[in-house]
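One-letter residues, chain by chain:
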Amino acid sequence: MSWMKANKKKFCPAKTELLTARFMNRGRRMTYPARTSYTLIPNQKYRRSYRRSSKFSSTLDADSPSLSTLGNFKALPLEIFQMVLEYLPVKDISMLSMVSKTIGSRLINYISTPTGNRRLLRQDFHNPELSGCRKGSSMLEHYKSLGLLLKRCTLLLPTKERLRYIHKILSEISCFKFSGCSDPFHCLGLQCYGVFLQTLTAGWDELECHRVYNFLCELSNLPRRVQAVVGSKPGSARKLELRIRIFCRSVLLNHWIHRSDSAFWLTRILKPWPMVNQARLLYILFGPASNLDGHVVWQKTTDGPADETSLKGLADAIKLLYDTEAKEWTADDVISLLDELAVVPRDWLLENSARLLILCGNNICFTFMASKAVNGRAIELARLVVFLALVCEKDLYCMDWAVKMMQKVCKVFSTSGERNNFLQGVENSFAHIIMDALQSVISGEHDEEDSSFLNLFHLVNAQANFHKEILYLAMSNSM
């Protein structure tokens, strides 16, 4: 106490605090290197708050996460950014959409603007100045690129939302609708729509493609329209038949590269219906049609011989369903479909049935004929062999093919008696069919092309060449 009193005048609180702070700091510097453990700051991610004062809430600063993903484009106003897009091809714009989510959203906004709409949603599907292959390929390539652009822009959305958004964009194009175009036969709209959808859905799994098909059916009311044509007399709704044919082929079937994809979509169209309606619908989609207006020609297969071109579409569709890629079809299903098809709209000429079988290929042709042999329809089978020979003669196929096919079918019969009856039926059928043709010539029923006499000529030559091949085969086996 005496010391404090003696030094009372020298005591200064401020100076004391300063000395104390220096001492503490010096102590830290002195003791820090000697510490062997210290407290670590926890490695924890805290939620960043984007709350701003009301003064800045309506503007984005330069460090905003959404602007930072724009890269150098953040220096451009939105209007200038959209002007830059005007100079980029659609393929390049689709590549740009993959840079970041922010750019993708800006591109989606650009598509919805009047400028982007005019540029990307081209609608000159009927322009006579651009007619021809060059116009068609140009338009198809454009919508293929547009499909890729929207595929990438909507990559993070669920399938249903993607479809709704894309439909919202394309809904203004009338030629993309089922009944939106007044002249669908001369319009490229549905073809462009098909290319667009093929690009959009490429690589999607079957469940997603089912959703796409159901979505399209809902938009176009396709099931009800199909019900109307398969439940009425053939040809009574010619315009509706034409629209169904063009819509299904252009939008769903024609643009796929892999056969498995084509088989999937054709199955979606056919499978909901009974077998009889499947055959009618298959004829509407792929049967003979007029070159002038595209309408289905129902009498082509019943009133006279049909050429290969008229039947090739049906044959390709049947081969597609018979392939192993068509998982939902068995061989029996396809053969039953062929049987039903041969009576649409009524019984076909056997020559046309034989020509269709030849176009379908060896496997389908043999399976169809073997089915008749197993089911005791040997007389029908014998007549079919005669017309297979006639088509080979007319269309310049090798006649030994028909002989080898008959030889292969003979092995299906379980007994020699059945086989001999079948062979006898083939000879009787040749005789009856030739006599019928001769009677037609004698009766004077000639047309301008004199087809009755020409048909008799081909039948006689077919029989001669058919038996010549049998003799060659018999002689080669006996030597």
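## Points about the layout of surface pockets
By volume, the largest pocket amounts to about 760 Å³. Along its surface, the largest pocket is lined by 32 residues, and R245, R249, F286, K312 and G313 are the ones closest to its centre. Going through the elements one at a time, α13 (238-253), α14 (259-270) and α16 (308-322) are the ones with two or more residues in the lining of the largest pocket. Taken together, the residues of the lining of the largest pocket break down into 13 nonpolar, eleven polar and eight charged. Looking at the second largest pocket, its volume works out to about 650 Å³. Forming the walls of the second largest pocket are 25 residues, and the residues nearest its centre are P305, L349, E351, K394 and N455. Ranked by residues supplied to the lining of the second largest pocket, first place goes to helix α23 (residues 451-478) with six residues. Residues belonging to the lining of the second largest pocket are distributed by class as follows: nine nonpolar, six polar and ten charged.

## A look at the environment of L107
Turning to its location among the elements, L107 is positioned in helix α6 (residues 101-112). Taking C-alpha positions, L107 is 8.4 Å from Q82, a pair spaced 25 residues apart along the chain. Apart from residues lying up to four places away in sequence, L107 is in contact with F81, L85, I93, L96, S97 and C153.

## So, the confidence of the model for the protein
Here the protein averages 84 in pLDDT, while 81% of its residues score no lower than 70. Segment residues 1-66: pLDDT under 50, and eight contacts once partners within four positions in sequence are set aside and those in other chains are kept.

## Thoughts on a nonpolar patch on the surface
A contiguous nonpolar patch, built from I80, M83 and V84 and spanning about 240 Å² of accessible area, is present on the exposed surface. Among the secondary structure elements, I80 is positioned in helix α4 (residues 78-85).

## Looking at empty space enclosed by the protein
Evaluated as defined, the whole model comprises two cavities of 30 Å³ or more. Taken as a whole, the largest cavity spans an internal volume of roughly 60 Å³. Lining the largest cavity we find G194, L197, Q198, T201, V212, L216, V251, L252, W256 and W265. Looking at the lining of the largest cavity, the elements that each hand over two or more residues are α10 (189-201), α11 (206-220) and α13.

## Examining α6
Over its twelve residues, α6 extends 17 Å from the first C-alpha to the last, a length consistent with the 16 Å expected when each residue adds 1.5 Å. Taken residue by residue, α6 has T102, I103, G104, R106, L107, I108, Y110 and I111 as its buried positions.

## Quick notes on the nonpolar core
Counting 131 residues, the largest nonpolar core has F125, F196, L356 and F466 as the members making the most contacts within it. Among the elements that take part in this core, helix α20 (residues 378-394) stands out by supplying eleven residues, more than any other. Those residues in contact with L356 that sit more than four places away from it in its chain are L311, L314, A315, I318, L338, L341 and W348.

Definitions and cut-offs
- Residues numbered from 1 in each chain as written.
- Predicted model: local features only at pLDDT ≥ 70, side-chain atom pairs only at ≥ 80, totals over all residues.
- Heavy atoms only, no water.
- 1 Å grid on protein atoms, 1.4 Å probe; cavity = no way out; pocket = protein on both sides within 12 Å on 5 of 7 lines; lining within 4 Å.
- Points joined across faces, edges and corners; volume = space filled by probe spheres on them.
- Helix = DSSP H or I, 4+ residues; strand = E, 2+ residues; numbered from the N terminus.
- Nonpolar A, V, L, I, M, F, W, Y, C, P; charged D, E, K, R; others polar.
- Contact = heavy atoms within 4.5 Å.
- pLDDT = per-residue confidence, 0-100.
- Patch = residues over 30% accessible without salt bridge, like charges linked within 9 Å, V, L, I, M, F, W, Y side chains within 5 Å.
- Areas by Shrake-Rupley, 256 points an atom, 1.4 Å probe, with all protein chains shown as cover.
- Salt bridge = Lys/Arg side-chain N within 4 Å of Asp/Glu carboxyl O.
- Expected span 1.5 Å × (residues − 1).
- Buried < 20%, exposed > 50% of the residue type's maximum accessible area, 1.4 Å probe, protein only.
- Core = buried A, V, L, I, M, F, W, Y, C linked by side-chain atoms within 4.5 Å.

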